[in-house]
Amino acid sequence: MTTASTPQNGTTTLGRRPIALVAWGATEAILRHSQAALARIDMTQPQWWALNNIVRAEHGLTREDIRALAVPYGMGTQVMVHASDALLHRGWLGIGTDGRLTLTEQGHEGLATAKEHMDRVRAELIGDITEEEYATAVSVLQRIADNLAQGLL
């Protein structure tokens, strides 16, 4: 495990590394790893997000609801609509007379398989990091984002 006092490139310590550089590198690595895991079961990350959002909605979601979802990583709102369309075509989603998309039996099975894969991804991501260390890292990054959103820095 690298500590804050371990030299990087001979001069810079981890405590002095730009947090944006570290966070961006971690984000890219996490996305590559999770996208590869999902690709092994013929699913994209937006499809994973769409399934999770639709299954959490008590009566499903309309296309307008899906367009209104917050989509991370600057992917744009249409990516979720396209993902939902692909899942509908695949038979994992059904559409009711009210226009609401809900998971079919195949969709529930696919979501369960994807969840197993993503649980393994999380375990690989965490590795030997304790839950306390993980919570601290997330908390610090969230506080930085909150500080910037409030204009405190």
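Fair warning: this is a prediction, and the values are worked out from it, not measured in the lab. (Residues numbered from 1 in each chain as written. Predicted model: local features only at pLDDT ≥ 70, side-chain atom pairs only at ≥ 80, totals over all residues. Heavy atoms only, no water.)

What about the pattern of salt bridges?
No. 1: Counted according to the given criterion, the structure contains six salt bridges.
No. 2: Between D65 and R100 there is a salt bridge, and its shortest N-O distance comes to 3.4 Å. Of this pair, D65 sits in helix α3 (residues 63-67) while R100 sits in the loop between β3 (93-95) and β4 (101-103), and the two are 35 residues apart along the sequence.
No. 3: Owing to a relative accessible area of 28%, D65 belongs among the partly exposed residues under this scheme.
No. 4: Since its relative accessible area comes to 28%, R100 is described here as partly exposed.
No. 5: Across the pair D98 and R100 runs a salt bridge, and its minimum N-O distance is 3.9 Å.
No. 6: A cluster of three or more residues bridged by salt bridges with shared partners is formed by D65, D98 and R100. (Salt bridge = Lys/Arg side-chain N within 4 Å of Asp/Glu carboxyl O. Helix = DSSP H or I, 4+ residues; strand = E, 2+ residues; numbered from the N terminus. Buried < 20%, exposed > 50% of the residue type's maximum accessible area, 1.4 Å probe, protein only.)

Remarks on the nonpolar core
No. 1: If you look at the biggest cluster of nonpolar residues, it comprises 27 residues, and the most contacted ones within it are M43, W48, L51 and M80.
No. 2: The set of elements that each furnish at least two residues to this core consists of α1 (19-39), α2 (45-56), α4 (78-90), β4 and α5 (105-126).
No. 3: Setting aside anything within four residues of it in sequence, one finds W48 in contact with L38, M43, L111, A114, K115 and M118. (Core = buried A, V, L, I, M, F, W, Y, C linked by side-chain atoms within 4.5 Å. Contact = heavy atoms within 4.5 Å.)

Remarks on the side chain of Q45
No. 1: Its place among the elements puts Q45 in helix α2.
No. 2: Within the structure, the side chain of Q45 is placed 3.2 Å from the side chain of Q35, a separation counted as a polar contact.
No. 3: If we skip the residues at most four places from it in the chain, Q45 touches L31, S34, Q35 and L38. (Polar contact = N/O pair within 3.5 Å; in protein donor to acceptor, adjacent residues only side chain to side chain.)

Digging into the packing of aromatic side chains
No. 1: Applying the stated criterion across every chain yields a total of zero aromatic pairs.
No. 2: It is R90 that lies over the ring of W92; its NZ or CZ is 4.1 Å from the centre.
No. 3: The ring of Y134 is capped by R122, whose NZ or CZ atom sits 4.7 Å from the centre of that ring. (Phe/Tyr/Trp six-rings, centres within 6.5 Å; stacked < 30°, edge-to-face > 60°. Lys NZ or Arg CZ within 6 Å of the ring centre and 35° of its normal.)

Describing the packing of α2 against α4
No. 1: Here α2 crosses α4 at 80°, and the two axes come no closer than 8 Å. What the angle tells us is that α2 and α4 run roughly perpendicular. Residue-level inspection shows P46, Q47, W49, A50, L51, N53 and I54 of α2 in contact with α4, the latter providing V79, M80, A83, S84, A86, L87 and R90.
No. 2: The class makeup of the residues in the contact of α2 with α4 is 10 nonpolar, three polar and one charged. (Axes fitted to C-alpha atoms, helices over the stretch in contact; angles between N-to-C directions. Parallel < 35°, antiparallel > 145°, perpendicular 65-115°, else oblique. Nonpolar A, V, L, I, M, F, W, Y, C, P; charged D, E, K, R; others polar.)

Spatial relationships are all this shows, so hold off on functional conclusions.
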